[in-house]
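Now for the letters of each chain:
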Amino acid sequence: MRVPESWLREFVDLDWDIHTIAERLTFSGTSVEDVLTPFNVSGEILTGKIVDKKPHPSSEKLLVCSVDVGERVYTVVTADKSVKVGDFVVVALPGTTLHNGTKVEPRNFAGVVSEAMLCSLEELGLEEKSEVVYRFPSEVQLGLDVVKTFGLDERVLELEVTPNRPDCLSIYGVARELSALSGRPLKKPVPHVVLTSEEENFEVLVEDEQGCPRYTARIMKGVRVGDSPLWMKARLVAAGMRSINNVVDCTNYVMLETGHPVHAFDMRRLKHRRIVVRAAKGGERVVLLDEKEYELKGGEVVITDGENVLALGGVMGGLESGVREDTEDLVLEVAYFDPVRIRKTSKSLGVSTESSYRFERGVDPNDAEYVSLRLSELIQKVAGGVVLERFWDVYPRKVEPRKIVLRKERIRKILGVEVVNAKDLLEGLELKVEEAGDSYRVTVPTFRPDLEREIDLIEEIGRINGYEKIEPRVISVPAVNVGWTKKQVFRRELAQYMKGMGFDEVITFSFVDGEFVKRYPITDRETVFLVNPIASDMNVMRPSQFYSLVSVFAENFKRQNRDIKLFEIGKVYYKSGGEYVEEETLAAICGGLENPRDYTDKRETSFYTVKGVLDELFERLGVEVSYERIVRPGLFPTRAARVLIGGEEIGFLGMVDPELLREIDVKGKDVYFFELKLQKLFESTRKIPTYRPTPRFPSIRRDVSILVPKDFESLKIVRLFEKVGGSVVEEVGVSDVYEGKGVPDGYVSVTFYVVFRSVDRTLTDEEVNELFEKMVLEVEKTFGVRRRF
């Protein structure tokens, strides 16, 4: 479940930041899996007004518009010919990055420079596909910051809610948890609805009381179905739902807010102006909102008008009775359905929805009137209309709150600590608590069906009070083995290092697709085929972890995870000299933002990101390596290298070939991979760190820019500098690479730096200049290159 931060803070005023909120929720039992930023937009995106438009002088498919954003009027070229003078639009200014990755810069369209860009909802991340530029339905203030005003800078908590906690399947429910944890008051919205005393000939009958213990209905008239306001679209998308229209969006909004699914019927589609809730008959057919026809098995809860099936109760509405563009009058349903019946229906028909997900776990049967008023208020706010005062409520057997006696001594005995504020903690969860001598009488509200016994209440006290406050006691256990081997410790330290560098550990199958290996033979090893594979695309043992990790990357990418860093310590398999070989390797793959949780860091992973991870690892292990350029199938030719220790290859790294990525539907991202032989790395590790005394004498640095061909290996110059400079050269490296004005085609300007230092005296400028000049001349002579300056 996704919980937008701003929505949460509307109900509880916290001084915790988003990460503290995530931590406290996780410690209390509501696990926060991730903190997301669903809208990948940055820069200046403002509200504007089209004040003039004219045809493009050279293209009949384009318009040239003048757009006023308050402080300035921009010239904007657009292909949306439906825009009109007076439209209020969203304008992305130069330097802005949109959700689809587009970077807005001034652009020449056949002689007309477009200074900014008119945005569609797709470009803001609010729609999967947009055909036209977004226009506000009414006048807005010019120059408003769209990102901040409409919540496109939203951060979202991704929660894993356990099946026994239906109360946390709502924004308000999560806010209730935070209110109890923080001691801050909980603010529940009080609906303000304009009611009319108008009468309506309408009735509600519930024939299946077991399947539908409570059914309520409210009527609204004169609504205007249309587009939802931008703030509502943004909030729904952030919570993981798409916008449909203002009425349907209100039903989804209320479901997310309260945890109680609701539904709106077009009243004109109710033939007999009534609702009849009954059990389905076997063989009945209904077309639901997903436009699929379902044959009912019999026993499902169905909502009908006495003749036609309008909806599958607790699962999904019917297509014919749904809200349309011309809908004016609504019947608003808020009901309570039996969780077991809904689960059976969902499973037998293969239909799982946000609604069925909540009803299966159990919603609150006693909040129906409040939810109905909240829904009416929201629809009235965004779609207009009037609400009839009469409220149809069929509730033959009211579900009463459970009452539990909680012994104070039992709390201390189970938790091992004295909790003096146990009553306050339970009341913070909206439980009613009365003192009764040495015990409490607790009334459990119906939104907490999981609290059945005394021990459940003690668990609530423990988790809200904080299990970390319980003093740990050391348990003495005799050792039964001699501990970890050096190799096991080394493997563990590697895993810890990779996690520290932001990579997530995965464990994958050793079986891969032989055709995939054949198309991209990233190693020259002889492949091991399986005699009896479990699937046709798992018919060989992997000769490299490349194939496993690329597949895992693709699966994550398909599920909208765009910033991925994965690693695995596992085995590869091949034949050598007729013998089967198992070799353990460390492999990793990454793509997307280097630091996705830092919204200020827009850097994408690159070849040097991966090389930096390896360089830091080698430095920690005390291993001296070198890199050599390679060309291998599956890797981009100019961005691949092998890793050598003492001239022996221990691994490789590189950018995954874009052609390969297109095959697996990974588009718009550069992806990088590396793999190292674990045993050779382990053997080469320096067991005792080398001591280097603090330098006593100052260093002198010199820089030189040299023009080299684009395919030239700069490492050759570094090595020659080190050789010619001798013992006084402390460090040589590359500080800049430039190509542009003043650099001939086919060349780049590489700036090298050399740090000089003597261990026994202070070097003079004269001798350093003389030696440095000698070094540069030797480079020019050896490689036929020349200095730029």
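Rules and cut-offs
- Residues numbered from 1 in each chain as written.
- Predicted model: local features only at pLDDT ≥ 70, side-chain atom pairs only at ≥ 80, totals over all residues.
- Heavy atoms only, no water.
- Helix = DSSP H or I, 4+ residues; strand = E, 2+ residues; numbered from the N terminus.
- Buried < 20%, exposed > 50% of the residue type's maximum accessible area, 1.4 Å probe, protein only.
- Lys, Arg positive; Asp, Glu negative; His and termini not counted.
- Charge placed at Lys NZ, Arg CZ, Asp CG, Glu CD.
- Pairing = 2+ DSSP bridges.
- Core = buried A, V, L, I, M, F, W, Y, C linked by side-chain atoms within 4.5 Å.
- Contact = heavy atoms within 4.5 Å.
- 1 Å grid on protein atoms, 1.4 Å probe; cavity = no way out; pocket = protein on both sides within 12 Å on 5 of 7 lines; lining within 4 Å.
- Points joined across faces, edges and corners; volume = space filled by probe spheres on them.

Novice: Whenever I open this one, the overall build of the protein chain confuses me. Can you help?
Specialist: The helix and strand inventory of the protein chain stands at 21 helices and 40 strands. Its C-alpha atoms give the protein chain principal-axis dimensions of roughly 100 × 85 × 60 Å. Relative to its 789 residues, the protein chain shows a buried fraction of 50%. Averaging the coordinates of the 112 positive side-chain charges in the protein chain and doing the same for the 131 negative ones gives two points 2 Å apart.

Novice: For this particular structure, what's the right way to read the sheet that holds strand E30 (residues 540-541)?
Specialist: Whenever strands of a sheet pair, they do so through backbone hydrogen bonds, lying parallel or antiparallel. As summarised here, the arrangement of the three strands in space is E28-E30-E29, forming an open sheet in which the pairing is antiparallel. Each of the sheet's edge strands pairs with one partner strand only, and the pair in question is strand E28 (511-512) and strand E29 (528-529). Both E29 and E30 contribute to a ladder of two bridges, which runs antiparallel. Within the sheet, the bridge partner assigned to Val528 lies in E30 and is Met541.

Novice: What is the right way to look at the nonpolar core in this model?
Specialist: The biggest cluster of nonpolar side chains holds 72 residues, and the ones touching the most others in it are Leu157 and Ile379. Here Leu157 is in contact with Met1, Arg2, Val3, Leu8, Ile18, Ile21, Ala22, Leu25, Val32, Asp34 and Val35, once residues within four sequence places are set aside. Core analysis: the next-biggest nonpolar cluster, separate from the first, contains 37 residues, Ile219, Val277, Ile303 and Val351 among them.

Novice: Quick question: what am I supposed to make of empty space enclosed by the protein here?
Specialist: Summary: where empty space remains is shown by rolling a probe the size of a single water molecule over the atoms. By the definition in use, this model includes one cavity of 30 Å³ or more. Reported here for the largest cavity is a volume of approximately 30 Å³. Every residue lining the largest cavity is listed: Arg24, Phe27, Ser28, Leu181, Arg463, Gly466 and Glu468.

Novice: I'm lost on the environment of Gly647 in this one. Help?
Specialist: You can see Gly647 is positioned in the loop between strand E34 (635-645) and strand E35 (648-656). Separated by 128 residues in sequence, Gly647 and Met775 have C-alpha atoms that sit 26 Å apart.

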